[in-house]
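# Structure assessment
Listed below are the residues making up each chain.
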Amino acid sequence: MFIVDTDVHNYWSSAEVLLPYLEPYWRDFLVRGEKPGPRGSFPHGHRPWLHPEGFSRNDIKPQTEEDNYLIMKEKHLDLYDIDVAILTADEPLEASTLANYHYANALVRAYNDYMIDWWLPKDSRFKGSIIISPTDPHGAAAEIRRLGGHKDIVQVLASHGAQRPYGDPFYHPIYEACAEVGLPFAIHFGGQGGVNHNAVASGPTAYYWETHALLSQPAMTHVVSMISNGVFEKYPDLYFVVIECGVSWVPSLMWRLDANFKALRKETPWLKMLPSEYCRRNIRFSTQPLEQPQNVKHLWETLEHMDGQNTLLFASDYPHWDFDAPTNLHIPPAWRDKVMGLNALEVYKRIEVPAVTARVA
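Only a predicted model underlies this, so the values are computations on that prediction, with no experimental measurement involved.

## Some remarks on the overall build of the chain
Per the secondary structure count, the chain includes 14 helices and eight strands. In terms of overall dimensions, the chain is globule-like: its C-alpha atoms have a radius of gyration of 20 Å, near the 21 Å expected for 361 residues. With respect to the principal axes defined by its C-alpha atoms, the chain has extents near 55 × 45 × 40 Å. Across the 361 residues of the chain, 57% fall into the buried class.

## Comments concerning the confidence of the model for the chain
For the chain, the average pLDDT comes to 95, and 98% of its residues sit at 70 or higher. Considering only residues more than four positions removed or in separate chains, one finds that residues 355–361, a stretch of pLDDT under 50, has seven contacts.

## Quick look at the layout of surface pockets
Approximately 1,000 Å³ is the volume found for the largest pocket. Residue lining of the largest pocket: 44 residues in total, with Y11, F55, S56, D90 and E91 positioned closest to the centre. Size it by volume and the second largest pocket reaches roughly 280 Å³. G182, D237, L238, Y239 and K349 are, among the 17 residues lining the second largest pocket, the residues nearest its centre. Of all the elements in the fold, those that place two or more residues in the lining of the second largest pocket are α5 (172–181) and α10 (275–282).

## Some details on the packing of helix α4 (residues 137–147) against α5
Across the interface, α4 lies against α5 with an axial gap of 8 Å and an inter-helix angle of 10 degrees. On the basis of their axis angle, the class for α4 and α5 is roughly parallel. Each of P137, H138, A140, A141, I144 and R145 in α4 lies in contact with α5, whose residues at this interface are P173, I174, E176, A177, C178, E180 and V181. Taken together, the residues of the contact of α4 with α5 break down into nine nonpolar, one polar and three charged.

What counts as what
Residues numbered from 1 in each chain as written. Predicted model: local features only at pLDDT ≥ 70, side-chain atom pairs only at ≥ 80, totals over all residues. Heavy atoms only, no water. Helix = DSSP H or I, 4+ residues; strand = E, 2+ residues; numbered from the N terminus. Rg over C-alpha atoms; globule rule 2.2 N^0.38 Å. Buried < 20%, exposed > 50% of the residue type's maximum accessible area, 1.4 Å probe, protein only. pLDDT = per-residue confidence, 0-100. Contact = heavy atoms within 4.5 Å. 1 Å grid on protein atoms, 1.4 Å probe; cavity = no way out; pocket = protein on both sides within 12 Å on 5 of 7 lines; lining within 4 Å. Points joined across faces, edges and corners; volume = space filled by probe spheres on them. Axes fitted to C-alpha atoms, helices over the stretch in contact; angles between N-to-C directions. Parallel < 35°, antiparallel > 145°, perpendicular 65-115°, else oblique. Nonpolar A, V, L, I, M, F, W, Y, C, P; charged D, E, K, R; others polar.

Here is the structure:
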């Protein structure tokens, strides 16, 4: 089986690995400027809740910078025979929380260069994501065009915490650049602080576990916004990938959207299809964290209503505490080849299709 893991977090021991990639002006900010933590912390506007322990698994304790890769290789890539690991960073996604978008742009640009220099050469299985700060769409578009031609870059990635719903025309320069270089646009759980709106509709949460349970709320908003604002009419070949936001909410949301669209379609005459049809054609969802009802058949029935066999992409979320091993993914057995890798090949077109995979497909 060909396995593409669409959410592998490549950590660092200190954000100061970015220093060689920052211009002197911004390097001074990172060394001497205020940060939410000790020296080596990544600058970002913090959130109202605090994790009670930490985000990583207890068995993953790197001591050196090199350990971040060596432990990943031992405990994930080699252990589960991962064929492709798409790197999704971690703290750099929080750059979008900064009010100073010039600084945010400098930080994500430095991270992207560091990732290309340090991580991609480590292992032929690695593919990279261009991290952007969507607070400055034109700056983000410039970064996409700067790196979008790199052969091992497979997507553009932003936090799901944002200042506006992602279908807003404010962000369309980003999608124009994605379409130009032929990359999907993805969002990942995070960016819940600073200048970004609260990830929970009625206000800030007090506890991490309740926030984690509600992580689908911003994703719902972005999905609806991308469809209703005609992003997929304007850019019909653009894939929108929703990472680490759950999946079981998708069918009920599409049912409601389709019903409302039929009754109120005069508001958005540019839409030529039902919302659910755009969702099936243009939007993909990572499996992690996959909901876990007591009766797994209830989950499978729900996933069937979102055409899960074709719209789900395997993700482990390594090395986080709620990591999902490829061997423990609770999906219908008949779907495994597609969800574990073949669907990803449709979205991430720069991943080479092995001959054995082509025969299976």
